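What follows is the residue order along each chain.
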Amino acid sequence: MPSYGIIEKTDDVTDIVLRAISGAPNPRLREVMGAFVRHLHAFAREVRLTQDEYDFAVDFLNRIGKATTDTHNEGMLFADAVGFSTLVVLMNNCGKGPTETAAALLGPFWRDNSPLTSNGGSIMRSPTPGPELFANLRVMDPDGRPIQGVEVDVWQSSPAGFYENQDPAQADMNLRGRFYTDENGRFWFRSVKPACYPVPTDGPVGELLRAQDRHPYRPAHLHFLGFKPGYTTLITQVFVDDDEHLESDVVFGVTKDLIGHYVRHNGNETPPAPDVKAPWYTLEYSLCMQPGEAKRPIPPIQ
């Protein structure tokens, strides 16, 4: 039987735990778990964690798990709300784009298998009141050459501030679509201008935000996921430039490179479609994909 030692004083605990996990055959597991144990134990010592606080934290963790369902991922929302998701995204994309901040977190609302939509088509699957948006984007490689055949998922919240899986008034897959870039690397679609929205606050993350006196709002944005074999999967967002929450995003996802220029048109020019009423908006934006491994993320919800 292995021998890790017997605890004689508080300072012994960490070393004994580290000895116990040092035999893991996977070297990366040893590295990650060793660092996790050292930092977790150091955290408890630094704040002199009380038993009541420990009990609360374990219960909080358990409630995060219980609040996670097929249509809601409380665990990912928690990671977002403490900036952990954004930190990991930026660390793993540093130097792999026009800047290190050209990628963004996936978020808790991406669903796989969005409806395939022809370029120029609408992603509105049910009546969605709000100013219309005509988006025209390009996908380029690091040298500025267009990439044809990129599969691009698009998803967004409605002007009412809800994704369709949160709102029974919206049709399934409303404001979601899947496109392929043409020979010029372009894809384009019709939608409505996104609005800011609150993250769900009826679970443990909501309690955390209220305890910290933080608002629950994300600034308005469009989500994009670009996939093509031979290229690193691109996950990003393009934020509306006049949103009041750009500097206080509840999940810390806004970077300077991700703020788009949503141009308002008041009807002084020919609309892009005969049924469009002023005002409407247009967006022109370029995305960059790096050569590398194409890997689809795990959908946080069904």
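Asks: How should the pattern of salt bridges be read in this particular structure?
Replies: Two side chains that carry opposite charge are able to pair once their charged atoms sit near each other. Applying the stated rule across the entire model yields 15 salt bridges. A salt bridge links Asp12 to Lys9, with the nearest nitrogen and oxygen atoms 3.0 Å apart. What you see here is one network of salt bridges that share partners, running through Arg111, Glu164, Asp172 and Arg176.

Asks: Teacher, can you tell me more about helix H1 (residues 12-21) here?
Replies: In an α-helix, one turn spans 3.6 residues; hence positions three or four apart end up facing the same way. Every buried residue of H1 is listed here: Asp12, Thr14, Ile16 and Leu18. In this structure, the buried residues of H1 make contact with helix H2 (27-47).

Asks: For this particular structure, what's the right way to read the layout of surface pockets?
Replies: Where empty space is left becomes clear once a probe the size of a water molecule has been rolled over the atoms. Taken as a whole, the largest pocket spans an internal volume of roughly 1200 Å³. What lines the largest pocket is a set of 32 residues, among which Leu40, Phe43, Leu49, Ala57 and Val58 lie closest to the centre. Those elements that provide at least two residues to the lining of the largest pocket are H2, helix H3 (51-67), helix H4 (74-81), helix H5 (84-93) and helix H6 (204-211). Counting residues per element, the lining of the largest pocket draws most heavily on H3, which supplies nine residues. Here the lining of the largest pocket is built from residues that sort into 23 nonpolar, five polar and four charged.

Asks: Mind showing me how you'd approach the sheet that holds strand E10 (residues 280-288) here?
Replies: Sheet strands line up and pair through hydrogen bonds in the backbone, either parallel or antiparallel. The sheet built from four strands is open, its strands ordered E4-E1-E10-E9 with mixed pairing. On the outer flanks of this sheet lie strand E4 (186-192) and strand E9 (262-265), each paired with one strand and no other. The average undirected angle you get between the axes of adjacent strands in this sheet is 20°. With four bridges connecting them, E9 and E10 associate as antiparallel partners. Considered in E10, the bridge of Val263 is made with Thr282.

Asks: What is the right way to look at the nonpolar core in this model?
Replies: General note: in soluble globular proteins, nonpolar side chains tend to be found buried as a group. Formed by 30 residues in total, the largest nonpolar core has its most connected members in Phe187, Phe189 and Phe224. Secondary-structure elements contributing two or more residues to this core are strand E1 (132-140), strand E2 (151-156), E4, strand E7 (221-227), strand E8 (234-239) and E10. Residue contacts for Phe189: discarding those within four places in its chain leaves Gly120, Gly121, Ile123, Leu133, Phe134, Ala135, Leu137, Val154, Phe179, Leu222 and Phe224.

Asks: Looking at this structure, I do not really get the packing of H3 against H4. What am I missing?
Replies: Interhelical geometry of H3 versus H4 gives an angle of 125° and a closest axis separation of 7 Å. One way to sum up the angle between H3 and H4 is to call them oblique. Seen from H3, the contacting residues are Phe60, Ile64 and Ala67; seen from H4, they are Glu74, Gly75 and Phe78. Of the residues in the contact of H3 with H4, the class split is four nonpolar, one polar and one charged.

Asks: Where do I start with the packing of H4 against H6 in this structure?
Replies: Helix-helix packing is characterised by the crossing angle of the two axes and by the distance between the axes. Contact pair H4 / H6: the axes reach a minimum separation of 9 Å and the direction vectors enclose 25°. Relative to H6, the element H4 is oriented roughly parallel. Here H4 contributes Glu74, Leu77, Phe78 and Ala81 to the contact with H6, which in turn contributes Pro204, Val205 and Leu208. Its residues assigned to classes, the contact of H4 with H6 comprises six nonpolar, no polar and one charged.

Asks: Explain the packing of aromatic side chains here, please?
Replies: Two numbers describe a pair of aromatic rings. These are the distance of the centres and the angle of the planes. A full pass over the atoms with the stated rule returns ten aromatic pairs. Summarising the aromatic geometry, the rings of Phe187 and Phe224 are spaced 6.0 Å apart at their centres and angled 70° between planes, so their arrangement reads as edge-to-face. With Phe187 in strand E4 and Phe224 in strand E7, this pair connects stretches of sequence that are 37 residues apart. Across the pair, Phe224 and Phe187 agree in class, each one buried. Here the aromatic cluster, defined as three or more aromatic residues joined through ring pairs, consists of Phe179, Phe187, Phe189 and Phe224. Positioned above the aromatic ring of Trp188 is the side chain of Arg186, whose terminal nitrogen or guanidinium carbon lies 4.3 Å from the ring centre. Against the face of Phe227 rests Arg296, its NZ or CZ located 4.0 Å from the ring centre.

Asks: Even after reading the chapter, I still don't get the environment of Gly120, so can you show me in this structure?
Replies: Tracing the backbone through its elements, the reader meets Gly120 in the loop between H5 and E1. Given the relative accessible area of 40%, Gly120 is considered partly exposed. Residues Gly120 and Ile259, spaced 139 residues apart in sequence, show a C-alpha to C-alpha distance of 23 Å. Once residues within four sequence positions are removed from consideration, Gly120 is found in contact with Trp188, Phe189 and Arg190.

Asks: Whenever I open this one, the side chain of Ser158 confuses me. Can you help?
Replies: Tracing the sequence through the fold places Ser158 in the loop between E2 and strand E3 (176-180). Discounting chain neighbours no more than four positions away, the residues touching Ser158 are Thr128, Gln170, Leu175 and Ala195.

Calculation rules
Residues numbered from 1 in each chain as written. Predicted model: local features only at pLDDT ≥ 70, side-chain atom pairs only at ≥ 80, totals over all residues. Heavy atoms only, no water. Salt bridge = Lys/Arg side-chain N within 4 Å of Asp/Glu carboxyl O. Buried < 20%, exposed > 50% of the residue type's maximum accessible area, 1.4 Å probe, protein only. Helix = DSSP H or I, 4+ residues; strand = E, 2+ residues; numbered from the N terminus. Contact = heavy atoms within 4.5 Å. 1 Å grid on protein atoms, 1.4 Å probe; cavity = no way out; pocket = protein on both sides within 12 Å on 5 of 7 lines; lining within 4 Å. Points joined across faces, edges and corners; volume = space filled by probe spheres on them. Nonpolar A, V, L, I, M, F, W, Y, C, P; charged D, E, K, R; others polar. Pairing = 2+ DSSP bridges. Axes fitted to C-alpha atoms, helices over the stretch in contact; angles between N-to-C directions. Core = buried A, V, L, I, M, F, W, Y, C linked by side-chain atoms within 4.5 Å. Parallel < 35°, antiparallel > 145°, perpendicular 65-115°, else oblique. Phe/Tyr/Trp six-rings, centres within 6.5 Å; stacked < 30°, edge-to-face > 60°. Lys NZ or Arg CZ within 6 Å of the ring centre and 35° of its normal.

Read these as geometric descriptors, not functional statements.
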